[in-house]
Amino acid sequence: MSMKEPVLLKRVGKMKNPASVEEYRQLGGFSAIQKAIEIGKDQILNEVDTANLRGRGGAAYPAGRKWRQLFAIEEGPKYIVCNADEGEPGTFKDKVLLAEDPLSVIEGMLVAGYLFDSPEGFIYIRGEYRAIQKVFQEAIDNACAAGLLGTDILGVKGFDYTIAVVSGAGAYVCGENSALLNSVEGKAGRPRVKPPHLAEVGLYSQPTLVNNVETFACIPVILNIGGQAFLEMGTEDGGGTKLVCLSGHIKNRGTYEVPLGTPLADLLYSEEYGGGTSSGRPVKFLHLGGQSGPLAFPEQLDGLYSYQGLADKGLAVGSGAIVVLDDSVSLVEYSKKVLEFFVHESCGKCTPCRIGTTRALELLDDFASDKAKAEDIDNLDTMLANINGLSACGLGQAAGVAVRTAIKHRKEEFSSAARG
Amino acid sequence: MSKLLSETEKTTIIDQNGSRQENILNILLALQEASAGGYVDQETIALVAKKLSTTETKVFEIASFYSMIETKPQAAYVLEVCNSAPCHFTKSDEVSGWLEAELGVKRGEPTSDGLFSFRFTPCVGACDVGPVIKVKDAVYGDLSRDKVKELIQNLKKSK
């Protein structure tokens, strides 16, 4: 946990009881909701716009734009949903906020509740974090007891808002926002066909805001320091700091808060962050943003860790995961692991995703067992392109990204494995 | 934990967890945790359907869709080894080998006393301490062969 003055992790590890409203207040908490009420709704939207906060779950959609779209809709009630289904392998940063500063997430959801006159917020926490759900529930109960959730919150007449914890139960696809809403409604978590957009037809077919845990935690920061100051912590194309998760063959594994725009090489090699590989062997490639993100090879690592900096190299921030793999790892073996994951997690609704991921994995098995022929490289790439193009939701659309970037940048490794 | 739940006990758990469709996952997970075999049986599914005014088919669809909900009896301690890429390449396959040797069973098979079984699971969000084993809600990280041995001993003692 680096950075001289963290803003997202500033309370982490400093509270005896992370669910305590009193301790949260002593460390600057609940000043943002107070300020939000003072400055009014238009100004809240302006600050979030100015901050250029990009969605921290993976899609990087500007939060300001999402909030304005929902604000413009007249029908109600509107629901606030926090996506805490952190399931992208290599990602474990929302967990830190949920367990160690839950009230910062609650405060972000509270600002949204105020802005959209929402009666109720939901936080969908993955089933693997059952122990953390209890901490979060305790934080909600404490906030209720302190009059920060409930009716006439902070003395504002008609500001009635509660937050409920909903548990996931082991389904990666529920990280997709429309699947998540189905799951909150108590249905099987299969994605919906879009449009309509969730801002219009979301939870219980009502207008709905869905944001990631870290995105909500950024909201109090923006209101406290101002949108402009938040923007300046990052880069023009995305303000603020980002929680980054280093794992794999890296010496200092863990969650770090880094200003967007930090050189990517610093994240890997400086002692403040990754400290180089754990094995001392050279980095062969990185996997950025979870299993649905692209692989990054050494020749692409000379840029900045920012939305545009990575996009310029064909890469993406995604969830903030950086999995480091050294030169002991075979790309064919790695690709197999990625596809195994998607085979397991495909919900089965779209045929190209359900069957395509299985067929692609079989083809990768051929590469691993000397049965693949030279033309199978193109077959694999085409198959993955079709899965991406023909699936309805982000899971299928991203299932082939990692393997396709491997083929694009290291075709020779697949060629030398094509001995059939 | 070890005895079968009565219908009244199950009803209490359902009521404690809200007894409405939105809470179905919380309800099923809580019933599973309290059950003798670590799973929700057909009788329990029928009761949930009745309480939530829905059909058994719909409850079963939910139970089968979500991988944390079991519909068949489980060992008392199911050791779940994360095998997503970050853990796999920090030696989670070795953990699987150690468990096979320590427990004397293959992946997916229960030990003869019904105490243990092990299997793979996708990412549990603890890649910073991989390789990891998850047992119920607890995650054990930075595993070595000795730590795996110790974990099994401790679980045996706590039974």
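See the structure shown above.
On a predicted model such as this, the values are computed, not experimentally measured, just so you know.

J.: Just checking my understanding: could you explain the packing of aromatic side chains for this structure?
T.: One pair of aromatic rings is described through two measures. These are the centre distance and the angle between the planes. A full pass over the atoms with the stated rule returns 16 aromatic pairs over all chains. Pairing A:Phe341 with A:Phe342 gives two aromatic rings, centres 5.5 Å apart and planes at 80 degrees, and the pair type is edge-to-face. Across the pair, A:Phe342 and A:Phe341 agree in class, each one buried. Ring centres of B:Phe65 and B:Tyr66 lie 5.0 Å apart, and the angle between their planes is 75 degrees; this geometry places the pair in the edge-to-face category. No difference in accessibility class separates B:Phe65 from B:Tyr66, as the two residues are buried. One aromatic cluster is present, formed by A:Phe285, A:Phe297, A:Tyr334 and B:Phe89 through successive ring pairs.

J.: In this structure, what is going on with helix H15 (residues 376-390) of chain A? I would like to understand it.
T.: The α-helix advances 3.6 residues per turn, and as a result positions three or four apart in sequence lie on the same side. All names here are of chain A. Over its 15 residues, H15 runs 21 Å from end to end, which matches the ideal 21 Å to within 8%, given 1.5 Å per residue. Regarding H15, the residues found buried are Asp 376, Ile 377, Leu 380, Leu 384, Ile 387 and Asn 388. Here the buried residues of H15 occupy an arc of 120 degrees about the axis, which is enough to place them on one side. Residues of H15 that are exposed and point over 90 degrees away from its buried face: Gly 389 and Leu 390. Looking at the packing, one finds that the buried side of H15 touches helix H13 (331-345), helix H14 (351-368), helix H16 (394-398), helix H17 (401-409) and helix H18 (411-417).

J.: Honestly, the sheet that holds strand S8 (residues 283-288) of chain A in this entry has me stumped. Any pointers?
T.: Strands pair in a sheet through their backbones, by hydrogen bonds, and they do so in one of two ways: parallel or antiparallel. All names here are of chain A. Judged by pairing direction, the sheet is mixed, and its 5 strands sit side by side in the order S6-S5-S11-S8-S9 without closing on themselves. Single-partner strands in this sheet number two, and they are strand S6 (254-259) and strand S9 (295-296). The pairing of strand S5 (residues 241-248) with strand S11 (residues 321-326) spans 4 bridges and is parallel. Residue pairing for S11: Ser 247 is matched across the bridge by Val 323.

J.: Help me understand the interface of chain A and chain B, please; the structure alone is not making it clear to me.
T.: The accessible area lost on association of the parts is a frequent measure of interface size. At the interface, 50 residues of chain A touch 35 residues of chain B. Between chain A and chain B the total buried area reaches about 3,200 Å² when both faces are included, carbon and sulfur atoms providing 56% of it. Sorting the residues of chain A by area buried against chain B places A:Arg130, A:Ala169 and A:Arg253 first, and these three jointly supply 21% of that buried surface. On inspection of chain A and its partner chain B, the count reaches 4 salt bridges.

J.: Got a minute to help me understand the pattern of salt bridges in this structure?
T.: A side chain of one charge can pair with a side chain of the opposite charge when the charged atoms of the two come close. Summed over all chains, the structure comprises 33 salt bridges over all chains. B:Asp137 is paired through a salt bridge with A:Lys134; the nearest N and O atoms lie 3.9 Å apart. In this pair, B:Asp137 sits in the loop between strand S3 (133-135) and strand S4 (138-140) while A:Lys134 sits in helix H7 (residues 130-145), so the two residues belong to two different chains. Ionic pairing is found between A:Arg192 and A:Glu185, a salt bridge with its closest N-O pair at 3.1 Å. Like A:Arg192, the residue A:Glu185 is buried in the burial classification. Residues joined by salt bridges that share partners form a network here, namely A:Arg56, A:Lys93, A:Asp94, A:Glu214 and A:Lys242.

What counts, and at which threshold
Residues numbered from 1 in each chain as written. Chains lettered and ligands numbered in written order. Predicted model: local features only at pLDDT ≥ 70, side-chain atom pairs only at ≥ 80, totals over all residues. Heavy atoms only, no water. Phe/Tyr/Trp six-rings, centres within 6.5 Å; stacked < 30°, edge-to-face > 60°. Buried < 20%, exposed > 50% of the residue type's maximum accessible area, 1.4 Å probe, protein only. Helix = DSSP H or I, 4+ residues; strand = E, 2+ residues; numbered from the N terminus. Expected span 1.5 Å × (residues − 1). Arc of directions from axis to C-beta. Contact = heavy atoms within 4.5 Å. Pairing = 2+ DSSP bridges. Buried area = accessible area lost by both parts, 1.4 Å probe. Salt bridge = Lys/Arg side-chain N within 4 Å of Asp/Glu carboxyl O.

Read these as spatial facts, not as claims about activity.
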